[in-house]
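Summary of structural features
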Amino acid sequence: MTSITDTDRAARAEVGPAVLQGAQADEQPGLSSLAFLTPGNYDDDRPGVGLEETLLLFEAGERLGFDGAWVRQRHLEHGVSSAAVFLAAASQRTSRIALGTGVIPIGYESPFRLAEDLSTADVLSGGRLQVGLSAGRPPHVELIGDRVFDGDWSDQDFSHARIERLLGNLSGDFVGDADTRIHSPGNVQRPRLQPYSPGLRDRVWYGGGSLRSAEWAGAQGLGLLTGNIVSGETSDDFATAQVAVLERYRRAFRGAGAPRIALGRVVVPTDGADRSTRARYEEYRASRVERTLAPHGERRTLFARDLVGSSDEIVEQLLADPAVARVTDLRLELPYEFSGDDYVQILHDVATRVAPALGWAPDRGAA
């Protein structure tokens, strides 16, 4: 049973009862951007096959009219360990779709060298890169920290300051004073990050699910990536807690233009699946229900339920989701455990059955 604390009541008052009761027709902003996030899986002894499948999935997403294709960055796992390199390859296989990283743990990265890699990939893509980042202690640091850092890894700076340094590099600020010049063959120039890609700084996102992270992202003018995991700081109810995070971000936003929120949900339509695949999808859904029943750990982590079922059932649930009602950008978070064929079927069903019912229309440039 959901408990209602004093902070929960405050959050409900803050976001408004209409939102928490579900979106009304005149409140629904309509879905204008549809993207997907894939884990980029591969077998240990055949990484090239899996990476190629992921590139083909990006191509399929573009043909279906998706607005964005994102890949997770994962270390020590059978997945993409260098998002910038992978997206540089994806940029040569696609022409229109936005290419995103969700997310790069900044703790392992040199803010200058990463900025160079991201800028290069953005130039190659024609300005289509969307950069998702996270701060804090990076995953598996206890295993590989001594291979990444000089000295004790626990003494390293894993704070937001590393992202701020990256943002400064992406902004194209010159290095040194006004008289500083460097000489290279056939050229004398003021030094700054090369290649400099104008606009990339404004396409940086922060992955956050807490009030503090949302407030920091807003104050920096970054986009906010938030999905199926939030901190239960204001409530034991996932929807209430997530709406409070969205509102904190909007109030703190100091960037150019409007606040940018990309909301993630695990969406698995069964319409185009055969009987055995549907049964497998249902087993997946059932295996993950228990984690959604109560907060976890000291941070009171909350998980959203996966949306598995017919397109009509999924549309009904999304329309009733108060967080979905407050955003225009939706990202499908594809499950880790599924096959390439599963992913294509899910993308097709969402693009042709689910998203149009939410107000989305495929890009007119899609094949």
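The preceding data block contains the structure.
A brief look at the structure comes next. Keep in mind that what you see is a predicted model, and the values were worked out from it rather than measured. Once a new chain begins, its residue numbering starts again from 1 and follows that chain's sequence as written. In keeping with the predicted nature of the model, local features appear solely for residues at pLDDT of at least 70, side-chain atom pairs appear and are counted solely at 80 or more, and the whole-chain, interface and lining totals rest on all residues. As a rule here, side-chain values come from all non-hydrogen atoms in the structure, and water together with hydrogens is ignored.

Next up on the list: a negative patch on the surface. Patches were defined on residues exceeding 30% relative accessible area and lacking a salt bridge, with like-charge contacts within 9 Å and nonpolar side-chain contacts (Val, Leu, Ile, Met, Phe, Trp, Tyr) within 5 Å. In short, Shrake-Rupley with a 1.4 Å probe defines the accessible areas, and a residue's cover is counted only from the protein chains shown. The salt bridge criterion pairs a side-chain nitrogen of Lys or Arg with a carboxyl oxygen of Asp or Glu, the two atoms within 4 Å. Charged-residue counts in this description rest on Lys and Arg as positive and Asp and Glu as negative, His and the chain ends being excluded. To locate a charge, the coordinates of NZ of Lys, CZ of Arg, CG of Asp or CD of Glu are taken. On the surface, a cluster of negative charge is made up of Asp43, Asp44, Asp45, Glu53 and Asp341. Secondary structure follows DSSP: runs of H or I at least 4 residues long count as helices, runs of E at least 2 residues long count as strands, and numbering of each begins at the N terminus. Take Asp43: it is sitting in the loop between β1 (33-38) and α3 (47-63). Remark: exposure states derive from per-residue accessible area (1.4 Å probe, protein chains only) relative to the maximum for the residue type, with buried under 20%, exposed over 50%, and partly exposed in between. We classify Asp43 as partly exposed; its relative accessible area is 47%.

Turning our eyes to something else, we now look at the pattern of salt bridges. All chains considered together, the criterion is met by 18 salt bridges. With a shortest N-O distance of 3.9 Å, Glu247 and Arg250 are connected by a salt bridge. Of this pair, Glu247 and Arg250 both sit in helix α9 (residues 238-252), three residues apart, which is roughly one turn of that helix. For Glu247, a relative accessible area of 12% puts it in the buried group.

Within strand β4 (residues 129-134), six of the six residues are buried, leaving the element largely enclosed by the surrounding structure. Residues of β4 alternate between two faces, with Leu129, Val131 and Leu133 on one and Gln130, Gly132 and Ser134 on the opposite face, all of them buried. Strand pairing requires that DSSP identify at least two bridges connecting the strands. Pairing geometry for strand β3 (residues 98-105) and β4, over five bridges, is parallel. Counted as the bridge partner of Gly100 is Gln130 from β4. Regarding the hand of the β-α-β motif, the stretch spanning β3, helix α5 (residues 111-125) and β4 is right-handed. Sheet topology note: the β4/strand β7 (residues 204-207) ladder contains three bridges and is parallel. Look down the strands so they point away from you; if the path from the first strand over the helix to the second goes clockwise, the crossover is right-handed.

Detection works on a 1 Å grid of protein atoms alone, calling trapped sets that fit a 1.4 Å probe cavities and calling open sets with protein on both sides within 12 Å along at least five of seven lines pockets, with lining residues defined by an atom within 4 Å of a point. Grid points are joined across faces, edges and corners, and a volume is the space filled by probe spheres set on the points. Considered as a void within the structure, the largest pocket measures approximately 1,600 Å³ in volume. Contributing to the lining of the largest pocket are 47 residues, with Val103, Ser134, Gly207, Gly209 and Ile229 lying nearest its centre. When contributions to the lining of the largest pocket are tallied by element, the ones reaching two or more residues are β3, β7, α8 (211-219), β8 (223-226), β9 (229-231), β12 (301-303) and β14 (329-333). Its residues assigned to classes, the lining of the largest pocket shows 17 nonpolar, 18 polar and 12 charged. Residues were grouped as follows: Ala, Val, Leu, Ile, Met, Phe, Trp, Tyr, Cys and Pro as nonpolar; Asp, Glu, Lys and Arg as charged; and all remaining residues, including Gly, as polar.

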